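Observations on chain architecture
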Amino acid sequence: ARYVGSMVSDVHRTLMYGGIYMYPADAKKGNGKLRILYEGFPMAMIMEQAGGMASTGPFRGEIKRILDVQPLGIHDKCPVLIGCTRDVERVLSYYA
């Protein structure tokens, strides 16, 4: 798998060739690194309209769609799991 380092180009590659783009939360970045309003929502909308799936993984005590997140501020961040439905559901199954 390739990783360019730019969310837009990496999600574009995922749309074109399949797979999954992940930026999950970790111990250092508990809320993830990507901003919900500027990165999470736009890419989640594009991926879901293309037939894929976009989830936060475990975030604020639950697993949900990125588009269902209620930002608390304009610079809020969230974890991101975006890709084909099969791959995102597989990753989410590991959290169960």
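Keep in mind that what you see is a predicted model, and the values were worked out from it rather than measured.

Brief notes about the overall build of the protein chain
When you go through the protein chain residue by residue, the secondary structure sums to 3 helices and 6 strands. Start at the N end of the protein chain and walk to the C end: the helices and strands fall as α-β-β-α-β-β-β-β-α. For the C-alpha atoms alone, the extent of the protein chain along its principal axes is close to 35 × 30 × 25 Å. For the protein chain, long-range pairs separated by at least 24 residues make up 62% of all intrachain contacts whose partners lie at least 6 apart in sequence. Carbon and sulfur atoms provide 55% of the accessible area of the protein chain, an area that totals close to 5900 Å². In the protein chain, the 12 positive side-chain charges and the 9 negative ones have mean positions that sit 6 Å from each other.

Overview of a nonpolar patch on the surface
A surface patch of nonpolar side chains, about 450 Å² in accessible area, is lined by Leu15, Met16, Tyr17 and Ile46. With 3 residues, the single largest contributor to the nonpolar patch is helix α1 (residues 7-17).

Topic: the pattern of salt bridges
All chains considered together, the criterion is met by 6 salt bridges. Between glutamate 48 and arginine 65 there is a salt bridge whose closest N-O contact spans 2.7 Å. Here the residue glutamate 48 occupies a position in helix α2 (residues 36-49), and arginine 65 occupies one in strand β4 (residues 62-65), the gap between them amounting to 17 residues. Look at arginine 65 and you get partly exposed, because its relative accessible area is 35%. Put simply, aspartate 87 and arginine 86 hold a salt bridge, and the shortest N to O gap is 3.1 Å. With relative accessibility at 17%, the residue aspartate 87 sits in the buried group. By relative accessible area, arginine 86 is classed as exposed at 61%. Bridged by salt links that share partners, the residues Glu48, Arg65 and Asp68 form one connected network.

Each value, and the rule that gives it
- Residues numbered from 1 in each chain as written.
- Predicted model: local features only at pLDDT ≥ 70, side-chain atom pairs only at ≥ 80, totals over all residues.
- Heavy atoms only, no water.
- Helix = DSSP H or I, 4+ residues; strand = E, 2+ residues; numbered from the N terminus.
- Contact = heavy atoms within 4.5 Å.
- Areas by Shrake-Rupley, 256 points an atom, 1.4 Å probe, with all protein chains shown as cover.
- Lys, Arg positive; Asp, Glu negative; His and termini not counted.
- Charge placed at Lys NZ, Arg CZ, Asp CG, Glu CD.
- Patch = residues over 30% accessible without salt bridge, like charges linked within 9 Å, V, L, I, M, F, W, Y side chains within 5 Å.
- Salt bridge = Lys/Arg side-chain N within 4 Å of Asp/Glu carboxyl O.
- Buried < 20%, exposed > 50% of the residue type's maximum accessible area, 1.4 Å probe, protein only.

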